[in-house]
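Summary of structural features
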Amino acid sequence: MSTTPKSLFWARTDTAGSEHVVVDDRQGLSAQGTALAVDPIPYTCRYRLTVDANWSVSRLEVETEGAGWARSVRLERSGDGWRVRTAEEGDLDGVLGAAGHPAAGLPGTDEPDRLAEALDVDLSGSPLFNTLPVRRLGLGRAPADLARQVTVAWVLLPGLAVLPADQVYTSLGPGRVRFASGTLTADLDVDPDGYVVRYPGLAERISPR
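In this report, we go over the structure that sits alongside the text. Predicted, not measured: the structure shown is a model, and the values here were computed from it.

Now for the side chain of Arg12. Within the secondary structure, Arg12 sits in strand β1 (residues 6-12). A relative accessible area of 18% places Arg12 in the buried class. Among the polar contacts listed, one links the side chain of Arg12 to the side chain of Asp14, at a separation of 2.8 Å. Those residues in contact with Arg12 that sit more than four places away from it in its chain are Gly17, Ser18, Ala37, Tyr43, Gly125, Leu202 and Ala203.

Okay, structure coming up:
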């Protein structure tokens, strides 16, 4: 476990893009990150994440913006479930349509009760968020072939729609974890603190290794 805050930087390998985040995991996790990508359209994403001492998510705030539009979503978990707040400016769907991409729809969700089982969140395209179930379940150091299914509140970029999603994490021995969701499967390399070093087909960490 880290004894001081650290700075992590990933280069995307599936598209032009990157992610930089400063994390403090001395008690739970506090993280502030910025992600850039050009797919499906160029956008900037900024997020703030708070995770409690049991590594269950307390709050996630995400802002995205591009040419002619901006959106935000805030998710907070308490004893009575998730609260979701959103805001938007401009016309993201119009920008997507002009570029030949499907509409993103509205940010957030009209049915927060569908997120009731989620203890984790997942921000699409971000390798940081795989750390949450890995650390919460102790999978980075677990014996091989230990599989655990989790439900996450999945935040889609750049539109910030929020959906429940089932994911399976399987320990492959120290430093290796298999991630599966739907038809997607990826064997992740993680460091001793559970942060992704390499996510095949998505991102590779540049600093620190």
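Right, let's talk about the pairing of strand β4 (residues 43-51) for a bit. Bridge count for strand β3 (residues 29-37) against β4 is nine bridges, and the pairing is antiparallel. Across the sheet, the residue bridging to Gln32 is Arg48, located in β4. Between the end of β3 and the start of β4, which pair antiparallel, lie five residues. In this sheet, strand β5 (residues 57-66) lies alongside β4 in antiparallel orientation, the contact comprising eight bridges. Across the sheet, residue Thr44 finds its bridge partner in β5, namely Glu65.

Of the pockets and cavities examined, the largest pocket occupies roughly 240 Å³. Lining the largest pocket are 17 residues, with Asp122, Gly125, Phe179, Leu184 and Tyr199 positioned closest to its centre. Within the residue set of the lining of the largest pocket, elements represented by two or more residues are β8 (120-123), β10 (162-171) and β11 (176-181). In terms of residue class, the lining of the largest pocket is built from nine nonpolar, seven polar and one charged. Each pocket or cavity is described by its volume, and for the second largest pocket that value is around 170 Å³. Lining the second largest pocket are 13 residues, and of these Pro40, Ala104, Leu157, Pro158 and Gly159 lie nearest its centre.

Quick notes on the rules
- Residues numbered from 1 in each chain as written.
- Predicted model: local features only at pLDDT ≥ 70, side-chain atom pairs only at ≥ 80, totals over all residues.
- Heavy atoms only, no water.
- Helix = DSSP H or I, 4+ residues; strand = E, 2+ residues; numbered from the N terminus.
- Buried < 20%, exposed > 50% of the residue type's maximum accessible area, 1.4 Å probe, protein only.
- Polar contact = N/O pair within 3.5 Å; in protein donor to acceptor, adjacent residues only side chain to side chain.
- Contact = heavy atoms within 4.5 Å.
- Pairing = 2+ DSSP bridges.
- 1 Å grid on protein atoms, 1.4 Å probe; cavity = no way out; pocket = protein on both sides within 12 Å on 5 of 7 lines; lining within 4 Å.
- Points joined across faces, edges and corners; volume = space filled by probe spheres on them.
- Nonpolar A, V, L, I, M, F, W, Y, C, P; charged D, E, K, R; others polar.

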